[in-house]
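Architecture and fold: a report
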Number of protein chains: 2
Amino acid sequence: MTGFSFSLSATDGKARTGAITTLRGTIRTPAFMPVGTAATVKAMLPESVAATGADILLGNTYHLMLRPGAERVDRLGGLHEFMNWSKPILTDSGGFQVMSLAGLRKLTEEGVAFKSHIDGSRHMLTPERSMEIQRLLGSDIVMCFDECPALPAEEKAVAESMRLSMRWAQRSRDAFGDRPGHALFGIQQGGVTRDLRAESAEALQEIGFDGYAVGGLAVGEGQEIMFDVLDFAPDMLPVDKPRYLMGVGKPDDIVGAVKRGIDMMDCVLPSRSGRTGQVFTRRGVVNIKNARHADDPRPLDEGCSCPACRGYSRAYLHHVFRAQEMISGMLLTWHNLQYYQDLMAGMREAIAAGTFCDWENQFHADRALGDIEPV
Amino acid sequence: MTGFSFSLSATDGKARTGAITTLRGTIRTPAFMPVGTAATVKAMLPESVAATGADILLGNTYHLMLRPGAERVDRLGGLHEFMNWSKPILTDSGGFQVMSLAGLRKLTEEGVAFKSHIDGSRHMLTPERSMEIQRLLGSDIVMCFDECPALPAEEKAVAESMRLSMRWAQRSRDAFGDRPGHALFGIQQGGVTRDLRAESAEALQEIGFDGYAVGGLAVGEGQEIMFDVLDFAPDMLPVDKPRYLMGVGKPDDIVGAVKRGIDMMDCVLPSRSGRTGQVFTRRGVVNIKNARHADDPRPLDEGCSCPACRGYSRAYLHHVFRAQEMISGMLLTWHNLQYYQDLMAGMREAIAAGTFCDWENQFHADRALGDIEPV
């Protein structure tokens, strides 16, 4: 496909580093994609998101189709122009979110009929409509329309769901057509069952995609089971295509996923946590609301280059969080996104140097220290 | 006073332009001071406030004494260090805000006893305590502790209130002491009555201050009455000291005040309006919530250099306001503060060029056009 390619530059164990090239720029892998649900990464200006080192954002088809509407975004020049972000954008298919609308949606072979959570209006998402919406948005990396059950689930239900998703994958591929410079990713399903994961991987490769996601994880199964699946599921996907683990995760989830051969991830955690006062640091999670920070002149993390750490004390961040000032969400989100991007950069460097194992040991050792002692 | 001075470089009618020099930098006058109530200009990073052209911020003694507390700010290196703002800060005395706590405060000759709106804790503000708090905060320009009645009010009540404020002005002066590099401003009271304004101005000048505020306006009297008072009140104050109109105002209030010889102003309006979707432009106020913007690809104001106008359409700003995204308050506040600073810069330039009258006519003509036609 013209304008979209993936190349690996180094591997270390199963961990891989490389680059995805798109018409809108290069994505260094392993890559973490901040989530811009409603055409904004909450509490951030796009230039600030870029300043953290993010090469790509994720946009949500479900939210954008409802508000402001895909046809409107198209008339306004596409999502990049609309939200003032010129680098690549990956959009999900909307499938995961509409399936979460318990009681408000109805699943058929054709697709999912649902009611908007905003105004109760009726909508239908199908593989064909999802491809159309993602085209209207101008997404660089388009995801197949799929669905998945929450875990744990009966193997029979997981198998039926996976096979429906594979039929939808074929319909997505057909509807996507030939769009030079835009990539279509398939999504492996099959829950925690090796045979189903293998069947799904085979079905997807028969259709042929520009990249492959591991779907249906981070849906309630816990880290141990997720890692068990990641011990075999990514190996079933082509070596020469990017592998994307959807909706993951906490820092140690991300490290464990990269270790198991994942190239791309996304999660709302760093931005959502920023708004609720949960801060990710090298030494673990800090709750800025805690009274122990009220008189602490030290930064969140001495080693961090973000504006929150360069310009402000924990005492200030504690104060503005307590006072419910917007600058609290702005600074803590920035810090968390910076932490995630620094994490990815550290892993890329370690994989390239062949020192991923040492890097991972240090990562866990730093976290075991716990937050710095109170003043 | 060492480290604090005021010099006029030009006048045009009663309008004046010049500069206040402080140890922390120069304040170009006429100056608009954004309000940083709780150690943050809401929805803005301080470097963004500076980027709009603001030379000075206002901090609120009442809010800061309650949370995080003046002694704590002092321990943490002062308000500049705490909030990451290195340019000058003016603090109010807390008097206006505690007097607004109807039912929660008691006024005596000594000062005002009140209960915190945050936790109901009991506090006392006196001229001496206000001076101490403003010193602990590290304020560059300290305001006398005063009080004023809402207008309209009986002349007798206004006179008694003004005379109490003048006794408090003397106590403020005594308590302030000699603090090179830090300025103390007196506050003229007297409501709408010429004789009382004159009496107040004379009392203040006998005490002697580094600058003089016109207080007790913008408290419900309306623009016409405010301008009537500004037609005579500033003339009663020394020509060679800065004149500060407290709590003003809308763009046309500000233009009318500068025309009448005011050098400094502050108001929450641009930042508060930014959060509620009210946008100030050359052609008047725009309500971004209005459905007419939903498909409008044009910027808020073609001539504005702020990030909201450079990077986003009205359609986007409408979308993120409706979706209650934080970026809405961030971008609209930035725009409004930029508009206010551009307004001040335009007036400074016009006064220097002796063309203030032409400038003012154009200002009103532009506003009379109304917002641009819908697409």
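Computed from a prediction, not measured in an experiment: that's the story for all the values here. As a convention, each chain's residues are numbered from 1 in the sequence order in which they are written. As a convention, the first chain written is A and the first ligand written is 1, with the rest following in written order. Residues qualify for local features only when their pLDDT is at least 70, as the model is predicted, and side-chain atom pairs are given and counted only at 80 or more; totals for whole chains, interfaces and linings, by contrast, use all residues. Here the side-chain values reflect all heavy atoms present in the structure, with hydrogen atoms and water set aside.

1. Things to note about the relation of the copies chain A and chain B
Which entries qualify depends on this criterion: Superposition of the copies used a least-squares fit over C-alpha atoms from residues whose pLDDT is at least 70 in both. In this description, contact between two residues means that some pair of their heavy atoms is separated by no more than 4.5 Å.
The transform that puts chain A on chain B rotates by 180 degrees and translates by 0.0 Å along the axis, for an RMSD of 0.0 Å. Read as a symmetry element, the transformation amounts to a two-fold axis. Considering only C-alpha atoms, the residue of chain A closest to the rotation axis is Met326 of chain A, which sits at 3.9 Å. Counting the interface residues of chain A, we find that 100% of their copies in chain B are interface residues as well, pointing to one common contact surface.

2. Things to note about the sheet that holds strand S1 (residues 5-12) of chain B
Residues and elements named next belong to chain B. Basically, it comes down to this: Here, a strand pair is defined by DSSP locating no fewer than two bridges between the strands. Runs of E in the DSSP output that reach at least two residues are strands. Runs of H or I that reach at least four are helices, and both are numbered from the N terminus. Orientation is described by lines fitted to C-alpha atoms, with helices fitted over the stretch in contact, and by angles between N-to-C directions that extend from 0 to 180 degrees.
The strand order across the open sheet built from 3 strands is S1-S2-S3, with neighbouring strands paired in antiparallel fashion. Each having just a single partner strand, S1 and strand S3 (25-29) make up the two edges of the open sheet. Across this sheet, the average inter-strand angle for adjacent strands is 15 degrees, counted without regard to direction. By the bridge criterion, 7 bridges tie S1 to strand S2 (residues 15-22) in an arrangement that is antiparallel. The partner of Phe6 across the bridge, within S2, is Ile20.

3. Focus: the UniProt feature "binding site: Zn(2+)" (unreviewed entry) in chain A
All names here are of chain A. The cut-off we apply is this: UniProt positions are given in the numbering used here, feature names are shortened, and annotations may be inferred rather than shown by experiment. The definition of a polar contact used here is a pair of N or O atoms within 3.5 Å, where within protein one atom must be able to donate a hydrogen and the other to accept one, and adjacent residues in sequence count solely through side-chain atom pairs.
Mapped onto this structure's residue numbering, the UniProt feature "binding site: Zn(2+)" (unreviewed entry) falls at Cys304, Cys306, Cys309 and His335. Despite a sequence span of 32 residues, these residues sit close together in the fold, their greatest C-alpha distance being 8.0 Å. You can see Cys309 is positioned in helix H12 (residues 307-311). Mapping His335 onto the fold places it in helix H14 (residues 326-353). Ignoring any residue separated from it by four or fewer positions in sequence, one finds His335 in contact with Val279, Phe280, Thr281, Leu300, Asp301, Cys304, Cys306, Ala308 and Cys309. Reaching out from His335, the side chain makes a polar contact with the backbone oxygen of Phe280 at a distance of 2.6 Å.

4. As for helix H14 (residues 326-353) of chain B
Heads up, the condition is: By definition here, a helix of n residues has an expected span of 1.5 Å times n minus one.
Taking 1.5 Å per residue, 28 residues should reach 40 Å; H14 of chain B reaches 41 Å between its end C-alpha atoms and fits that length. Of the residues one or two after H14 of chain B, Gly354 of chain B is the one with positive phi, at around 70 degrees.

5. What to know about the packing of H14 of chain A against helix H15 (residues 356-369) of chain A
Residues and elements named next belong to chain A. How we decide: For this classification, the nonpolar set comprises Ala, Val, Leu, Ile, Met, Phe, Trp, Tyr, Cys and Pro, the charged set comprises Asp, Glu, Lys and Arg, and every other residue, Gly included, is treated as polar.
One way to put it is that H14 packs onto H15 with a least axis distance of 8 Å and a crossing angle of 145 degrees. Along its contact with H14, which presents Tyr339, Leu343, Gly346, Met347, Ala350 and Ile351, the element H15 presents Phe356, Trp359 and Phe363. When the residues that make up the contact of H14 with H15 are grouped by side-chain class, the tally is 8 nonpolar, 1 polar and no charged.

6. A look at the domain arrangement of chain A
Residues and elements named next belong to chain A. Selection criterion: For the domains described, the bounds stem from an automatic or database domain assignment. By convention, the term buried area covers the 1.4 Å-probe accessible surface removed from two parts as they join, with the contributions of both added.
Each assigned domain of chain A is listed here: domain 1 (5-267) and domain 2 (274-368). The straight-line distance from the C-alpha centre of domain 1 to that of domain 2 is 27 Å. The partner domain 2 presents 26 residues to the 30 residues of domain 1 that form the contact. Carbon and sulfur atoms supply 71% of the area buried between domain 1 and domain 2, which totals about 2,300 Å² over both sides.

7. So, helix H15 (residues 356-369) of chain B
Residue and element names in this part refer to chain B. Stated formally: Categorising residues by exposure relies on relative accessible area from a 1.4 Å probe, with only protein chains included: less than 20% of the type maximum marks a residue as buried, more than 50% marks it as exposed, and the intermediate range marks it as partly exposed. To be clear, the arc concerns the directions from the helix axis to the C-beta atoms.
With 14 residues, H15 should reach 20 Å at 1.5 Å per residue; the first-to-last C-alpha distance of 20 Å fits that figure. Every buried residue belonging to H15 is among Phe356, Glu360, Phe363 and Asp366, and all of these are buried. The buried side chains of H15 occupy one side of the element, clustering within an arc of 125 degrees when seen end-on. Exposed residues lying more than 90 degrees from the buried face of H15 are Cys357, Asp358, Ala368 and Leu369. Against the buried residues of H15 lie S1, S2, helix H10 (251-259) and H14.

8. What to know about the packing of H10 of chain B against H14 of chain B
Residues and elements named next belong to chain B. Just so we agree on the cut-off: The scheme is simple: roughly parallel for angles under 35 degrees, roughly antiparallel for over 145, roughly perpendicular for 65 to 115, oblique for anything else. Each crossing gets its hand from how the near helix is turned against the far one by less than a right angle, where anticlockwise is left-handed and clockwise is right-handed.
For the pair H10 and H14, the least separation of the axes is 11 Å and the interaxial angle reads 25 degrees. When the interaxial angle is binned, H10 and H14 end up roughly parallel. Here the hand of the crossing between H10 and H14 comes out right-handed. In this structure, H10 uses Pro251, Ile254, Val255 and Val258 to contact H14, whose residues at the interface are Tyr339, Tyr340, Leu343, Met344, Met347 and Ile351.

9. Details of the interface of chain A and chain B
Note the following rule: Any Lys or Arg side-chain nitrogen located within 4 Å of an Asp or Glu carboxyl oxygen qualifies as a salt bridge.
Contacts between the two partners involve 38 residues from chain A and, on the opposite side, 38 residues from chain B. A buried area of about 3,100 Å², summed over both sides, lies between chain A and chain B, and 62% of it is on carbon and sulfur atoms. If you sort the residues of chain A by the area they bury against chain B, Leu45, His319 and Met326 of chain A come out on top, with a joint share of 19%. On inspection of chain A and its partner chain B, the count reaches 6 salt bridges. One salt bridge in this structure joins Arg72 of chain A and Asp295 of chain B, with 2.9 Å as the shortest N-O distance.

10. Let's talk about the sheet that holds strand S6 (residues 89-91) of chain A
All names here are of chain A. The strand order across the open sheet built from 8 strands is S4-S14-S13-S12-S11-S10-S6-S5, with neighbouring strands paired in parallel fashion. Sheet topology places strand S4 (31-33) and strand S5 (57-59) at the edges, where each strand pairs with a single neighbour. Across the sheet, the axes of successive neighbouring strands diverge by a mean angle of 25 degrees, strand direction being ignored. Inspection of the sheet shows strand S10 (residues 141-143) paired to strand S11 (residues 183-188) by 3 bridges, in the parallel sense. By the bridge assignment, Val142 is partnered in S11 with Leu184.

11. What to know about the environment of Cys148 of chain A
All names here are of chain A. Tracing the chain through its elements places Cys148 in the loop between S10 and helix H7 (155-176). What makes Cys148 buried here is its relative accessible area of 15%. The spacing of Cys148 and Leu164 is 16 residues in sequence and 9.6 Å in space, taken between C-alpha atoms. Setting aside chain neighbours within four positions, we find Cys148 in contact with Phe96, Ser161, Gln189 and Gly216.

12. A look at the UniProt feature "active site" (unreviewed entry) in chain A
All names here are of chain A. As annotated in UniProt, the feature "active site" (unreviewed entry) corresponds to Asp92 and Asp266 in the numbering used here. In three dimensions, the annotated residues from a span of 175 residues occupy one location, with a maximal C-alpha spread of 10.5 Å. If you trace the backbone, Asp92 turns up in the loop between S6 and helix H5 (95-99). Apart from residues lying up to four places away in sequence, Asp92 is in contact with Gly59, Asn60, Thr61, Tyr62, Gln97, Gln134 and Met143. At a separation of 2.6 Å, a polar atom in the side chain of Asp92 contacts the side chain of Asn60. Following the sequence through the fold, Asp266 ends up in strand S14 (residues 264-266). Since its relative accessible area comes to 8%, Asp266 is described here as buried. Apart from residues no more than four positions distant in its own chain, Asp266 is found in contact with Phe32, Met33, Val35, Leu58, Tyr244, Leu245, Met246, Gly247, Val248 and Gly249. Polar contacts involving the side chain of Asp266 include one to the side chain of Tyr244, which spans 2.7 Å.

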